[in-house]
Amino acid sequence: MAFLAVLVLLVNGLSTAPLGYFDFVYLSSGGLTLAIAAVGATIVILTGGFDLSAGAVIALVNVVLATHLGDDLASQVFWAVAGVLLGAAIGLFNGFFVAVLRLQSIVVTLSTMFIIGGLTLLLLDIPGGHVPESFSNFFVGSAIDDLFPSAIVVVAAVVAVWLLVKNTRFGMAIYAIGSDQDAAKAAGLNVVLNKLGAYALAGAFYGIAGVVVTAQTATGDALVGEPLLLQIFTAVVLGGTLFGGGRGGAVGSIVGAYSLMLIVNILLVLNVSAYYSTVVEGCVLVAAALLGAWSTPGVRNWWTLFRQRLAPMPGTGQGRPLVSLISQRSDRRSRSAWLARNGETIRYISPAFACFAIVLAITALFMAPLSFSYFNSILLLSSFLIILALGQGTVILAGGLDLSIPWTIGLCGILAGGWLHGSDAALWWTIPLVLAVGGTIGLVNGIGVVAFRLPAIVVTLAMNGILQGLALLYSNGTPDGFASPALRWFMTGRFAGITPVVWFVIAFAIFGLVLLSRTPFGRRVYAIGNNPRAARLSGVNVDRTTVAVYVLSGLCSAVVGILLTGFGGQASLGMGDIYLLPSIAVVVIGGTLITGGRGNYIGMIGGVLLLTSLQTLLAGTTVPPSMREIIYGIVVLFAVVALRERTSH
Amino acid sequence: MRNFWKASVLALAATTSLVGSSHAQDKIKAFLSMSYIGNDWQGEAAMMVRAMTLSAAYKDKVEFETQVAGPNAQKQIQQINAMVQAGAKIIVVYPISPTALNQVVKNACSKGVAIFTYDAEITEPCAHNVHIDQVAAGKRAAEWLAEELHGKGNIVYFSGVPGTSTDTQRTEGSLKAFEKYPGIKIIAQTPGMWSQAVTRTEMSKILATHDWKDIDGVLGQAGCYTIFSMQDEAGIADKDKKPCSGEGTNGHRLQMLPADAKVEGASGTYRPMGARSFSYASPPVSGAYAMKLALELTLNGKKVGHDVIVPLPDITNANVKLCKEGSFAEMAAGCNVQSPVLVANPGWFAEIYNSETPEIGLNAALTGQPEM
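Residues numbered from 1 in each chain as written. Chains lettered and ligands numbered in written order. Predicted model: local features only at pLDDT ≥ 70, side-chain atom pairs only at ≥ 80, totals over all residues. Heavy atoms only, no water.

Chemist: Give me the overall build of chain A: which residues, what numbers.
Modeler: Secondary structure summary: chain A contains 30 helices and two strands in total. Put simply, chain A has 649 residues, and 59% of those count as buried. If you sum the accessible surface of chain A, you get close to 25500 Å²; carbon and sulfur atoms cover 68% of it. (Helix = DSSP H or I, 4+ residues; strand = E, 2+ residues; numbered from the N terminus. Buried < 20%, exposed > 50% of the residue type's maximum accessible area, 1.4 Å probe, protein only. Areas by Shrake-Rupley, 256 points an atom, 1.4 Å probe, with all protein chains shown as cover.)

Chemist: Tell me about the sheet that holds strand S8 (residues 217-220) of chain B, and please be specific about residues and values.
Modeler: Residues and elements named next belong to chain B. What the six strands build is an open sheet, ordered S7-S6-S8-S9-S10-S12; its pairing is mixed. A strand with exactly one partner marks an edge of an open sheet, and here the two such strands are strand S7 (184-191) and strand S12 (315-316). Taken together, the seven bridges between strand S6 (residues 153-159) and S7 define a ladder with parallel strand orientation. Counted as the bridge partner of isoleucine 155 is isoleucine 186 from S7. Helix H5 (residues 134-148) contacts S6, S7, S8, strand S9 (244-245), strand S10 (277-279) and S12 of the sheet and is inclined by roughly 175 degrees relative to S8. (Pairing = 2+ DSSP bridges. Contact = heavy atoms within 4.5 Å. Axes fitted to C-alpha atoms, helices over the stretch in contact; angles between N-to-C directions.)

Chemist: So, empty space enclosed by the protein: which residues are in play, and what are the values?
Modeler: In total, this model carries five cavities of 30 Å³ or more according to the counting rule given. Approximately 100 Å³ is the volume found for the largest cavity. Around the largest cavity sit Gly30, Gly31, Leu34, Leu228, Gln231, Leu260, Met261 and Val264 of chain A together with Asn72, Gln74, Lys75 and Gln78 of chain B, which together line it. Counting only elements with at least two residues in the lining of the largest cavity, the list comes to helix H12 (228-238) and helix H13 (250-269) of chain A together with helix H3 (73-85) of chain B. Taken together, the residues of the lining of the largest cavity break down into five nonpolar, six polar and one charged. Lining the second largest cavity are Tyr26, Leu27, Gly30, Gln216, Met261 and Asn265 of chain A together with Gln74, Ile77, Gln78 and Asn81 of chain B. Counting only elements with at least two residues in the lining of the second largest cavity, the list comes to helix H2 (21-30) and H13 of chain A together with H3 of chain B. Here the element with the most residues in the lining of the second largest cavity is H3 of chain B; it accounts for four residues. (1 Å grid on protein atoms, 1.4 Å probe; cavity = no way out; pocket = protein on both sides within 12 Å on 5 of 7 lines; lining within 4 Å. Points joined across faces, edges and corners; volume = space filled by probe spheres on them. Nonpolar A, V, L, I, M, F, W, Y, C, P; charged D, E, K, R; others polar.)

Chemist: Kindly report on the state of the cysteines, identifying the contributing residues and their values.
Modeler: Under the defined criterion, the tally for this structure stands at three disulfides over all chains. Paired by a disulfide, cysteine 109 of chain B and cysteine 126 of chain B hold their sulfur atoms 2.0 Å apart. Since a negative S-S torsion denotes a left-handed disulfide, the cysteine 109 of chain B-cysteine 126 of chain B link at about 80 degrees is right-handed. Taken as a pair, cysteine 109 of chain B in helix H4 (residues 102-110) and cysteine 126 of chain B in the loop between strand S4 (114-118) and strand S5 (128-131) lie far apart in primary sequence, 17 residues in all. Cysteine 224 of chain B shares a disulfide with cysteine 244 of chain B; S-S distance 2.0 Å. The sign of the S-S torsion, about -80 degrees, decides the handedness of the disulfide formed by cysteine 224 of chain B and cysteine 244 of chain B: left-handed. In this pair, cysteine 224 of chain B sits in helix H8 (residues 224-233) while cysteine 244 of chain B sits in strand S9, placing the two residues 20 residues apart along the sequence. The class of cysteine 224 of chain B is buried, set by a relative accessible area of 0%. Sequence-ordered numbering of the disulfide-bonded cysteines in chain B gives the connectivity 1-2, 3-4, 5-6. Not part of a disulfide, cysteine 556 of chain A finds its nearest cysteine sulfur in cysteine 412 of chain A, a span of 11 Å. (Disulfide = S-S within 2.5 Å.)

Chemist: Residues and numbers for the packing of aromatic side chains, please.
Modeler: Residue and element names in this part refer to chain B. Across all of its chains, the model carries 22 aromatic pairs over all chains by this definition. Plain terms: the ring middles of tyrosine 94 and tyrosine 118 are 5.5 Å apart, the flat faces sit at 70 degrees to each other, and that makes the pair edge-to-face. Taken together, the residues span a long stretch of sequence, with tyrosine 94 in the loop between strand S3 (90-93) and H4 and tyrosine 118 in strand S4 at a distance of 24 residues. The residues tyrosine 94 and tyrosine 118 share a single accessibility class, namely buried. (Phe/Tyr/Trp six-rings, centres within 6.5 Å; stacked < 30°, edge-to-face > 60°.)

Chemist: Run through the interface of chain B and chain A, naming residues and quoting values.
Modeler: Taken together, the contact between chain B and chain A spans 64 residues of the former and 70 residues of the latter. Our enumeration of links across chain B and chain A arrives at one salt bridge. Salt-bridge contacts for arginine 488 of chain A lead to glutamate 233 of chain B; the nearest nitrogen and oxygen are separated by 2.5 Å. In this structure, the connection of chain B to chain A is made through 10 residue pairs in polar contact (both at pLDDT 80 or more). When residues of the side of chain B that touches chain A are traced back to their parent elements, those giving at least two are helix H1 (2-21), helix H2 (40-54), strand S2 (62-68), H3, H4, helix H6 (165-178), S7 and helix H7 (196-209) of chain B. (Salt bridge = Lys/Arg side-chain N within 4 Å of Asp/Glu carboxyl O. Polar contact = N/O pair within 3.5 Å; in protein donor to acceptor, adjacent residues only side chain to side chain.)

Chemist: So what's going on with the packing of helix H3 (residues 32-46) of chain A against helix H8 (residues 150-166) of chain A? Which residues, and what values?
Modeler: Residues and elements named next belong to chain A. Where H3 contacts H8, the axes come no closer than 10 Å and their chain directions differ by 10 degrees. One element, H3, and the other, H8, form an angle in the roughly parallel class. Contacts between H3 and H8 involve Leu32, Ile36, Val39, Ile43 and Leu46 on the former and, on the latter, Ala151, Val154, Val155, Val158 and Trp162. (Parallel < 35°, antiparallel > 145°, perpendicular 65-115°, else oblique.)

Chemist: Describe helix H27 (residues 542-568) of chain A, naming the residues involved and giving the relevant values.
Modeler: Residue and element names in this part refer to chain A. Here H27 spans 39 Å end to end across 27 residues, near enough to the 39 Å set by a 1.5 Å rise per residue. Judged by how many residues are buried, H27 sits mostly within the fold: 22 of 27 residues are covered. Positioned one or two residues after H27, glycine 569 has a phi angle of 85 degrees, which is positive. (Expected span 1.5 Å × (residues − 1).)

Chemist: Could you give an account of the sheet that holds S5 of chain B, with specific residues and numbers?
Modeler: All names here are of chain B. Strands sit in the order S2-S1-S3-S4-S5-S11 across an open sheet of six strands; the sheet is parallel. Lying at the two open borders of the sheet, with one neighbouring strand each, are S2 and strand S11 (307-309). For this sheet, the mean inter-axis angle between neighbouring strands, taken without regard to orientation, is 20 degrees. By the bridge criterion, four bridges tie S3 to S4 in an arrangement that is parallel. Paired with valine 93 across the bridge in S4 is threonine 117. Packed onto the sheet, H3 meets strand S1 (28-34), S2 and S3 and runs at close to 175 degrees relative to S1. Along the sheet face, helix H10 (residues 286-300) touches S1, S2, S3, S4, S5 and S11 and points at about 165 degrees away from the line of S4.

Chemist: Residue-level account of the pairing of S5 of chain B, with values.
Modeler: Residues and elements named next belong to chain B. Covered by surrounding structure in S5 are His128 and Val130 together with Asn129 and His131, the residues of both alternating faces. Both S4 and S5 contribute to a ladder of three bridges, which runs parallel. Residue pairing in the sheet places tyrosine 118 in a bridge with valine 130 of S5.

Chemist: Summarise the environment of asparagine 102 of chain B; cite the residues concerned and give the values.
Modeler: Residue and element names in this part refer to chain B. Inspection of the secondary structure puts asparagine 102 in helix H4. For the pair asparagine 102 and proline 125, spaced 23 residues apart in sequence, the C-alpha separation works out to 8.8 Å. Each residue touching asparagine 102, except ones within four places of it in the same chain, is listed here: Ile122, Thr123 and Glu124.

Chemist: Account for the packing of helix H24 (residues 500-518) of chain A against H27 of chain A, with residues named and values stated.
Modeler: Residues and elements named next belong to chain A. Where H24 contacts H27, the two axes come as close as 14 Å, and the packing angle between them is 175 degrees. What the angle tells us is that H24 and H27 run roughly antiparallel. Residues Val501, Phe504, Phe508 and Leu515 of H24 pack against Leu552, Cys556, Val559 and Leu563 of H27. Partitioning the contact of H24 with H27 into residue classes produces eight nonpolar, no polar and no charged.

Chemist: Lay out the side chain of threonine 112 of chain A in plain terms, naming residues and giving numbers.
Modeler: Relative to the helices and strands, threonine 112 of chain A is located in helix H6 (residues 105-123). Residue contacts for threonine 112 of chain A: discarding those within four places in its chain leaves Ser53, Ile90, Phe93, Asn94 and Gly117 of chain A.

Chemist: Could you give an account of the pairing of S7 of chain B, with specific residues and numbers?
Modeler: Extensive coverage of S7 of chain B is indicated by the burial of six of its eight residues. Taking the sense of rotation as the criterion, the β-α-β connection linking S6 of chain B, H6 of chain B and S7 of chain B turns out right-handed. (Right-handed = clockwise from strand over helix to strand, strands pointing away.)

Chemist: Outline the nonpolar core, supporting the account with residue identities and numerical values.
Modeler: Judged by nonpolar contacts, the single largest core of 193 residues is most densely connected at Leu32, Phe135 and Tyr601 of chain A. The greatest single-element share of this core, amounting to 14 residues, is contributed by helix H19 (residues 372-397) of chain A. Counting residues in hydrophobic clusters, the runner-up holds 72 residues, among them Leu145, Phe278, Ala288 and Ala350 of chain B. (Core = buried A, V, L, I, M, F, W, Y, C linked by side-chain atoms within 4.5 Å.)

Chemist: Please give an account of unusual backbone geometry that cites residues and values.
Modeler: A positive phi is found at histidine 421 of chain A, a non-glycine position, where the angle reads about 45 degrees. Residue position: histidine 421 of chain A is located in the loop between helix H20 (405-420) and helix H21 (427-451). Residue classification places histidine 421 of chain A among the partly exposed residues on the basis of a relative accessible area of 38%. Look at methionine 193 of chain B: it is not a glycine, yet its phi comes out positive at around 55 degrees. Checked against the element boundaries, methionine 193 of chain B lands in the loop between S7 and H7. On the basis of relative accessible area, methionine 193 of chain B is assigned to the partly exposed category, the value being 37%.

Chemist: Tell me about the environment of alanine 204 of chain A, and name the residues and values.
Modeler: Residue and element names in this part refer to chain A. Relative to the helices and strands, alanine 204 is located in helix H11 (residues 191-217). Considered as a pair, alanine 204 and alanine 88 are 116 residues apart in the sequence and their alpha carbons are 4.2 Å apart. Non-local contacts of alanine 204, meaning those with residues more than four positions away in its chain, are made with Val84, Gly87 and Ala88.

The following block contains the structure:
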């Protein structure tokens, strides 16, 4: 809160003219959508979930309102309420899959995001619609003319609702479930019902945000929600809510949202170059998280902790493990029990491959006979995600998440193009150097997570922003490098009948499989993901392995950056953006638990093949983009529902 | 907490005094509010806008700053408001949404700020929009392709970013034009997102289930350079390459030059192929033109209407011509593709000529330095 006050003072002090009432209205209404959406996201995060559908719901409500609002009061009240209820209904839809079917929230809401996004485009494919002025004024005008902005009233109302809810049994249940679901259940809470309620409430808040954005922009735009998503999570983190559930609150998120908006204003007033703005935002994110961590006594003396962490752990290095759980398990192996041992794994990974087979069958029936070149294309197009899935998958198996993938790819690709500049001779030093850059990025991520005890999401999200700034600075806005002939041949030529990268990716997949299932490193990753304390006690150097996991992810992103530059001939800024959500989706579709510990690289590859073959099938048709998104979302949802059916028995 | 406050107050005092010392000059303030950075089109447009403010006629009268909003309309609203607060007289905008900025623009206008957009539009009546006729562009590109194929054949269509007015209008124009040619069949239609990289990925997907033999032509809002490059990689000889209609990158225009043209610096697929093609693009020079109109309005009172329609570039194999140095005079005489020696990036947009902007030549687009 103090942080926010300082920011307001800063903006006021820095502006050439002191802030007038009009600016006050703008500041208060400018952050309103973000603040309310962040409240919704906070509720889901408090239950221990993660909601990617927020932006899509906001856009759908926006478009529905803009196309239906009438000039009379009755119609405006009706549609505003309908918008909120629509949000709540979508929340219930999410809640049903998460609470009742016990699917992972991240992949359910990802599917919802696609389905809702498609529906929104179907409703309105060109920005427009009609929003009466009275409607706008009610939410973002003045409550008392020239004295008091309505937006403040709206925020106050949202805070009041939240505080009321928080102090009910339902509100306390949200915190209890987020802290420890099993304990909450044991204490007699109806987990399913309360979770359903939480998702519906979150949806309702997105609905309100959708109503507000309609009032603020006085128009409908199907693309209004998409860029909000990352900001919503940044606001939640800034507000001090912890991912994983149980701790934090919506008031903090509102403060976080307004702080974010004011930071933008300060950067504007100070005229900080646009290239640096993502860097500054990233640094603010880390600073806020550190400040939040500071208030917990255990972390305040982090330097002491840090030094302890650097000291050798008991039971590592040459020493013998205190307890050797892992080696005992391997003693029990017997050939005849292969199916019994792996039966569980097969059940997790088979849905992805089964769905892949179905897509193949449909392609063969309706499009074209499955030729050799079809499989070559599928593997070529899958190669990026197969490589990324190893990095992201290993991070997730170890209980983390890597959100820095987009701009690690972007920066590495741009560096590769810039250093190669079309020269094959430069390949020999460019590739190792770019890989070193990717590894270093991973190293910094890992150190941030381990040494500063920051949530992985915060560290990697901040890293992503900083890398974006670096990429812009290096390329000065337009990357001018290009791939060398050999790299281009690697991605587009032919070797023994197939594209060379396909050979590479097959080798890479084998490497990944061996790495995760047959090496001590792999066993440590699973051990950490299952229970870091137990892993530490059984002699795993948790910190070193955690850092290694992020380094691996950085390396994988660097490889993809180089390959993408070869594929397109040149690197472009933002070329990694489209790979973030798929990299998480394929890991989860492949049967991996998003909280870590359970999963298999083969399953992830199945997930990649499924998504790629589905996209390929759709690309070869004239199905409009809106329907594509809906189909895509439904298939992902179907795949995870199928997964659940197998695992519950 | 007390230390935190103390530090903040100190920092506040320090920054306020810093800003206070840079007092206002008698130059007017002009801002550029961009949406995305990091694609060639936007980068060039920004360079040329800057060059315009540095040209001899204006450089002593205007102080220029650029801000980037990213893809977020909320942020652009704040940004424009902050510019008004900072005392802007001119704001040239690449608007993220045609309607979302209306209220903030209206407020800016009421304070006497001139608001000009380029490429995309703002519907608020007090704004001035400099752009091409998008429906006509889509129509012309489709008609050219249909005529080239003698009204018969299977085509692939790459649209732009779904949900934007530019994409919807161009697609509407193209589909309407095809209605007159019942022999033309769209066998695959997919968003190319105005990106060469996306076009390549999507075309690879399409080629997994269709063969080049079954495709007679391609219509792309962007991506023809990639389409011809991919045909090259598939081993299709220059004379057999399928036509592609649309987009105006330098790489694409170079491919349109006769296959036997000798061009210094050409290599790989960035070379003359005699590729059968029609090239248009929303010209990135429109940004500089918008800035010029805004300066003329503010400094010299020259009135401008709500819409300023710039002519649609109409480049075919008949009139594509290589520039030597890319000066304004040379482009005015009819050249429209730059040498690969000067422009190493094939994705660079070649449409930097506007008869109204003699300040802008190749140098302005590459380095932000005006011709005069």
